[in-house]
Amino acid sequence: MDERGTTITDLLEELAVKEFTAAEREQRAAEAVAELGVPYTEQVQQAGQDAWAKVRAHQDRAA
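Per-chain numbering applies: the sequence of each chain, read as written, is numbered from 1 onward. Local features in this predicted model are restricted to residues of pLDDT 70 or higher, and side-chain atom pairs are both shown and tallied only at a pLDDT of 80 or more, whereas totals for entire chains, interfaces and linings draw on every residue. Water and hydrogen atoms were dropped before computing side-chain values, which therefore reflect all heavy atoms in the structure.

Below, the discussion takes up the overall build of the chain. Looking only at helices and strands, the chain features three helices and two strands. Numbered from the N terminus, helices here are DSSP runs of H or I no shorter than four residues, and strands are runs of E no shorter than two. Ordered by position from the N terminus, the helices and strands of the chain form the series β-β-α-α-α. Residue-level accessible areas treat just the shown protein chains as cover; the underlying method is Shrake-Rupley with a 1.4 Å probe. Carbon and sulfur atoms form 57% of the exposed surface of the chain, whose accessible area is close to 5300 Å².

Now the structure itself:
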């Protein structure tokens, strides 16, 4: 799909390298678990933080 010169691949690549702020990560996590009907507990919050750490580590290795 190509809209105004931007492809989906371009958008995915941009999102893959974008570093969200802590507040953005927290907000996205809370929204995601709410959509799943999961309570946003400390355990869920820690799992999200661990996942972001893995994403960042993967990005660092890919760079």
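Relative to the assigned elements, Trp 52 resides in helix 3 (residues 42-62). In what follows, a contact means two residues having at least one pair of non-hydrogen atoms within 4.5 Å. Not counting chain neighbours up to four residues away, the residues in contact with Trp 52 comprise Phe 20 and Arg 25.

We now examine the confidence of the model for the chain. Residue-level confidence of the predictor is what pLDDT reports, using numbers from 0 through 100. Residue-level pLDDT values for the chain average 80, and 84% of them are 70 or greater. Averaged over each element, pLDDT in the chain is lowest for strand 1 (residues 2-3) (46) and highest for helix 3 (86).

Looking at the element boundaries, Ala 29 is found in helix 2 (residues 22-36). Measuring from C-alpha to C-alpha, the distance between Ala 29 and Tyr 40 comes to 8.4 Å, with 11 residues separating the pair along the chain.

Given a helix with a known number of residues, its expected span is that number minus one, times 1.5 Å. In this model, helix 2 (15 residues) spans 21 Å end to end at C-alpha, consistent with the 21 Å of a helix rising 1.5 Å per residue. Directly beyond the C-terminal end of helix 2, a positive phi value near 75° is found at Gly 37.

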